[in-house]
Each structure stands twice: as C-alpha cells, then as structure tokens.
Amino acid sequence: MSWEFTEEQEQIRAGVRAFAAGEIAPYVKEWDEAQSFPPDLIRKMADLGLLGIIFPEAYGGAGLGTVEYAIAIEEIARVDPSIALVWAAHTGLCANHIHRFGDEPQRRRFLPPLLRGEHLGAWALTEPESGSDAAAMKTTAVRSGAGWVLNGVKNFITNATHANTYVILAVTDRSLGNKGISAFVVERGTPGLKTGKKENKLGMRASDTASVVLDDCFLPEENLIGEKNRGFLDVLEVLDGGRITIAALAVGTAQGAFEAALKYASERHAFGQPISEFQAIRCKLADMATSIEAARLLTLRAARMRALNIRVTREASMAKLFASETSVRVSEEAIQIFGGYGYVKDYPPEKYWRDSKVLTIGEGTSEIQRMIIAREILR
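Predicted model, so just to flag it, every value in this text is computed and none were measured.

Analysis parameters
All residue numbers refer to position in the chain's written sequence, counted from 1. In view of the model being predicted, local features appear only for residues whose pLDDT reaches at least 70, and side-chain atom pairs are presented and counted only at 80 or more, with totals across whole chains, interfaces and linings using the full set of residues. No hydrogens and no water enter the side-chain calculation; it runs on all heavy atoms of the structure. Helix numbers and strand numbers start at the N terminus; a helix is a DSSP run of H or I with at least 4 residues, a strand a run of E with at least 2. Here the globule rule is a power law, 2.2 Å times the number of residues to the power 0.38, and the radius of gyration is based on C-alpha atoms. Exposure classes here rest on a 1.4 Å probe applied to the protein chains alone. A residue is buried below 20% of its type maximum, exposed above 50%, and partly exposed in between. Here a residue-residue contact requires only that any non-hydrogen atoms of the pair lie within 4.5 Å. A residue counts as positive if it is Lys or Arg and as negative if it is Asp or Glu; His and the chain ends are not included. Charge positions are represented by NZ for Lys, CZ for Arg, CG for Asp and CD for Glu. Each salt bridge in this description consists of a side-chain nitrogen of Lys or Arg and a carboxyl oxygen of Asp or Glu lying within 4 Å of one another. As used here, the term nonpolar core means buried Ala, Val, Leu, Ile, Met, Phe, Trp, Tyr and Cys residues forming a set that is joined through side-chain atoms within 4.5 Å. Only the stretch in contact is used when fitting a helix axis, every axis being a line fitted to C-alpha atoms; angles between N-to-C directions are given from 0 to 180 degrees. Here the angle decides the label: under 35 degrees means roughly parallel, over 145 means roughly antiparallel, 65 to 115 means roughly perpendicular, and every other value means oblique. Handedness of a crossing is defined here by the sense of rotation of the near helix relative to the far one, left-handed for an anticlockwise turn of less than a right angle and right-handed for a clockwise turn. The classification used treats Ala, Val, Leu, Ile, Met, Phe, Trp, Tyr, Cys and Pro as nonpolar, Asp, Glu, Lys and Arg as charged, and all other residues, Gly among them, as polar. Two strands are said to pair when DSSP picks up at least two bridges between them. Grid spacing is 1 Å over the protein atoms alone, the probe is 1.4 Å, and a cavity is where that probe fits but cannot get out, while a pocket is an open set with protein on both sides within 12 Å along at least five of seven lines and lining residues have an atom within 4 Å of a point. Grid points are joined across faces, edges and corners, and a volume is the space filled by probe spheres set on the points. Expected span, for any helix, means 1.5 Å times one less than how many residues it has. Only Phe, Tyr and Trp rings are paired, with Trp represented by its six-membered ring, and only when their centres lie within 6.5 Å; those with planes under 30 degrees apart are stacked, over 60 edge-to-face, the remainder tilted.

**Student:** Looking at this structure, I do not really get the overall build of the protein. What am I missing?
**Tutor:** Tallying secondary structure elements over the protein gives 11 helices and 10 strands in all. Relative to the compact-globule value of 21 Å for 379 residues, the protein shows a C-alpha radius of gyration of 21 Å, a close match. Reported as C-alpha extents along the three principal axes, the dimensions of the protein are approximately 80 × 45 × 40 Å. Of all 379 residues assigned to the protein, the portion counted as buried reaches 56%. Within the protein, contacts between residues separated by at least 24 positions form 73% of all contacts whose residues are at least 6 apart in sequence. The positive charge centre, built from 44 side chains, and the negative charge centre, built from 48, are 3 Å apart in the protein.

**Student:** How should the pattern of salt bridges be read in this particular structure?
**Tutor:** Pairs can form between side chains of opposite charge once their charged atoms are near each other. Applying the stated criterion across every chain yields a total of 31 salt bridges. Across the salt bridge formed by Glu-118 and Arg-116, the nearest N and O atoms sit 2.7 Å from each other. A relative accessible area of 43% places Arg-116 in the partly exposed class. Of the charged contacts in the structure, one is a salt bridge between Glu-293 and Arg-296, with a shortest N-O distance of 2.9 Å. Taken together, the positions of Glu-293 and Arg-296, both in helix H8 (residues 279-307) and 3 residues apart, correspond to about one turn of that helix.

**Student:** Would you mind going over the nonpolar core with me for this structure?
**Tutor:** As a rule of thumb, nonpolar side chains are buried together in soluble globular proteins. Membership of the largest hydrophobic core comes to 94 residues, with the highest contact counts inside it found for Ile-24, Ile-76 and Trp-87. Those residues in contact with Ile-24 that lie beyond four places of it in its chain are Phe-19, Trp-31, Leu-41, Ile-76, Val-79, Asp-80 and Ile-83. Grouped together as the second largest cluster of nonpolar side chains are 20 residues, Ile-157, Leu-193, Val-212 and Leu-219 included.

**Student:** How should I be thinking about the packing of helix H5 (residues 81-101) against helix H6 (residues 104-115) in this particular structure?
**Tutor:** Pairs of packed helices are described in terms of their axes, by the angle between the two and the distance that separates them. The N-to-C vectors of H5 and H6 enclose an angle of 160°; their axes lie 9 Å apart at closest approach. In this view, H5 runs roughly antiparallel relative to H6, as classed from their interaxial angle. The interaxial crossing formed by H5 with H6 has left-handed handedness. Here H5 contributes His-90, Cys-94, Ala-95, Ile-98, His-99 and Arg-100 to the contact with H6, which in turn contributes Gln-106, Arg-107, Phe-110, Leu-111 and Leu-114. For the contact of H5 with H6, a count of residues per class yields 6 nonpolar, 3 polar and 2 charged.

**Student:** Just to check I follow, could you spell out the pairing of strand E1 (residues 121-124) for this structure?
**Tutor:** The side chains of a regular strand alternate, residue by residue, between the two faces of the sheet. Burial along E1 is two-sided: the residues Gly-121 and Trp-123 and Ala-122 and Ala-124 are all buried. With 4 bridges joining them, E1 and strand E4 (residues 165-171) adopt parallel strand pairing. Note on E4: the bridge partner recorded for Ala-122 is Tyr-166.

**Student:** How should the layout of surface pockets be read in this particular structure?
**Tutor:** To find the voids left in a structure, one rolls a probe of water-molecule size over its atoms. Here the largest pocket is characterised by a volume of approximately 1400 Å³. In terms of lining, the largest pocket is formed by 48 residues, of which the most central are Thr-126, Ile-361, Gly-362, Glu-363 and Gly-364. Of all elements in the fold, only H5, strand E3 (147-158), helix H7 (231-267), helix H10 (349-357) and helix H11 (366-377) reach the threshold of two or more residues within the lining of the largest pocket. The element best represented in the lining of the largest pocket is H7, accounting for 10 residues. Classifying every residue of the lining of the largest pocket by side-chain character gives 24 nonpolar, 11 polar and 13 charged. There is about 430 Å³ of room inside the second largest pocket. Forming the walls of the second largest pocket are 21 residues, and the residues nearest its centre are Val-28, Lys-29, Val-79, Pro-348 and Tyr-352. Mapped by element, the contributors of at least two residues to the lining of the second largest pocket are helix H2 (28-34), helix H4 (66-79), H7 and H10. If one sorts the elements of the lining of the second largest pocket by residue count, H10 sits on top with 5 residues.

**Student:** Got a minute to help me understand H7 in this structure?
**Tutor:** Because an α-helix completes one turn every 3.6 residues, residues spaced three or four positions apart along the sequence face the same direction. Here H7 contains 37 residues, and its C-alpha end-to-end distance of 53 Å stays within 8% of the 54 Å for a straight helix at 1.5 Å per residue. The buried count for H7 comes to 29 of 37 residues, which makes it a mostly enclosed element.

**Student:** Help me understand the packing of H4 against H8 in this model?
**Tutor:** Where H4 meets H8, the closest approach of the two axes is 7 Å, and the angle between their N-to-C directions is 145°. Note on element contacts: H8 touches H4 through Arg-296, Leu-300, Ala-303, Arg-304, Arg-306 and Ala-307, opposite Thr-66, Val-67, Ala-70 and Glu-74.

**Student:** What should I look at first to understand the pairing of strand E2 (residues 140-144) in this one?
**Tutor:** In the sheet, E2 pairs with E3 via 5 bridges, with the strands oriented antiparallel. When the sheet's bridge partners are listed, Ala-141 is paired in E3 with Leu-150. Counting the residues in the hairpin turn of E2 and E3 gives 2 residues, including Gly-145, whose phi is positive at 60°.

**Student:** When you look at the packing of aromatic side chains in this model, what are you seeing that I'm missing?
**Tutor:** Aromatic ring pairs are reported here in terms of the distance separating the ring centres and the angle at which the planes meet. Within the structure shown, the criterion is met by 7 aromatic pairs. A ring pair is formed by Tyr-27 and Trp-31, whose centres lie 5.4 Å apart and whose planes are at 20°; its orientation type is stacked. Residue classification places Tyr-27 among the partly exposed residues on the basis of a relative accessible area of 34%. Ring geometry for Tyr-341 and Tyr-347: centres 5.1 Å apart, planes at 55°, overall tilted. Given a relative accessible area of 37%, Tyr-341 falls into the partly exposed group. Three or more aromatic residues joined by ring pairs form one cluster here, namely Tyr-264, Phe-338, Tyr-341 and Tyr-347.

This is the structure we're talking about:
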C-alpha cells in the first residue's frame, strides 16, 4: 500500500490550507469568544467544493472520496477544530445519511442546497437519557394518516440552532428495541420543530450545540429515510464514516497544537538557550510527533478502506479512539511546553486542549470504541 498522496490530493491539501489561513485563522479567537462564526463562511467553504467533497457531481458534489475528505478536514481542524466540527456534522452525518440511504427524490431535493451551502445540516441521534444506549431512545414517530407525528427531545446536536435540514432518529416500534428505530428528514419551519437551549461549552465554542424539540411534528411519508425500522442499522454505517471524520479532525487538532509548541520551543529561551535544546522538551516533541503520525496513518487506512467500500467498523473505531486520545495528550503537552503562557487565552494551546476533549466523547465515547474494537477482534 502506497502512502504517497496523488498530485490532486496534494493540491487539495494546499488549497484548503490556504483557505484556512486566510478565511479562518485571523478570526479564531474572536469566534471562540463570541461562540459563533459568520454564516457566509459556510458558503465560502461550499464555493471551494468542501461541502460536497464526497458526493457525486450529479447533486453538485466534487465526486471525490473519503481520503480527500480526511485530508481537508485535518487542514481545517489544524487551524480551528470547531469549524471542522460544523463541517463534519453537516457533510459527514446529515448530508451523508441522506445520500447513502435516501431515495432519489430525497437526494435531488435535499442534497443540492446542502452542498451549495444554502442550507446547514444537523443530525439528531442523542437524547437527554439516550447517548451510547440507543435502545433507550424516547423520541417517537407514530403513524398518522399519510405520514408520521414525531414527539421528543434531542440533545447535544451540532448545528441545531442554525440548521435548515435535520436528520432525526425516532422510535417507530418500541417492541423491537434498537431494531425499531427509523430516520426522518425534517426541514426548518416545519410546525412542531423548534430548537431549545444552546449549550455553553468548554470547547468547540464557535460550533453551535443545542437541543431539538419535536412537539406533534407532522411529516409526510416521503420524509422517511430508507426502510421503516432500519434506521439504527443505517446509523451504524453512517457512524463508521463519521468516526473516520472525527479521527481526521483529531489529527488536525493535534497537528495544530504540535506546530504551536514546536515554534514556541524554538523561540523561547531559558538558561541562555532555546528550550528546544533541553532533552525533556525534545522528548516531548518526539513523542507528540510520533503519536500524531501514528494517528494519521490509522485514519488514512480507514479512509482508504472506506473509499474502496470495505467494511471499516473496527478500523474506524481504532482510528477514532487513538486519534482523539492523541489530540488530548498532544494538546496538554503543548500547554506544558508553553508553561504559564499555555494556560492563558493569548496563546493557542489552551484552545486546542479545550477543543480536543469532546473528540473522545462525541460519535461514540472512547469506552464505546474499545467495546466495538473488542467485539470485532473477538468475532
């Protein structure tokens, strides 16, 4: 297996890096403090082809693959992980669920505005009492005439406040447990759909996270995505791809923290020399670089397998587990290298550390990833 990027992939990396440097980097602190980002950023990302990177040209996509997506996500996260998270939820979860399991009319209706950046997407699985345990889901979808009535509350939903298109999971047959869950697409403005409390978070603060409330929300039959009661099986496949995305996001977060620490260690002097000359600092930098490269290779392996339509449940969980925990460790070591300066908001390490932690929680906690990996290797 060759790990050399193609010329096109190198061009993608360079283009996204330049975009992140010009359109995101100058505003990272401002957006973090404001807990928001300008809406026109999504349109700019769409104009660059990022929102449609993994989708066919027939729907307005770029027709590229999971490897290219991972490369691009890493470059955005290297500058601001919270913007990468907005993109990941929009593309890798919401739009991807519609593309993989929706019918052709649904793809034609919902994907083009999502890929053009005219609509923002959200994906709603988690509930106040149902995270890792999907069978405990309380949101229901009950038959009513020629459609469905949804009731329930979704929690910790990325992009919830500003989304135009939601993919929502609901119980359609309680007796079947997690095999009685279905997926629905819901548009903003649908009666009975509203957003609730916006969370005041530790990290990823420019990324909006809020609850979604469904109160007698009626949907026509054509808003059911895929087969009735098959929604959770589809979710598992979406999450395989989503975990690769989070792994790439984690690699980018770690890379950004590492580069900041490397630069600081070369410039900061103590006892008459750069601190990068001290063995303790050199060992930290060596461990950080090695862990990041290992995480990147795990992520690219899973991305490549996904692009070849090979089942990646084990590989995606391994990549997500290792990369997310690496991002936390590397960010923390970056703070240590910066010393007291690493603890204040004028310097980048503290934000990378704050942003990194959720990567070990969202889309399956580290504990859940270990359970999945163990199940796969014990088959």
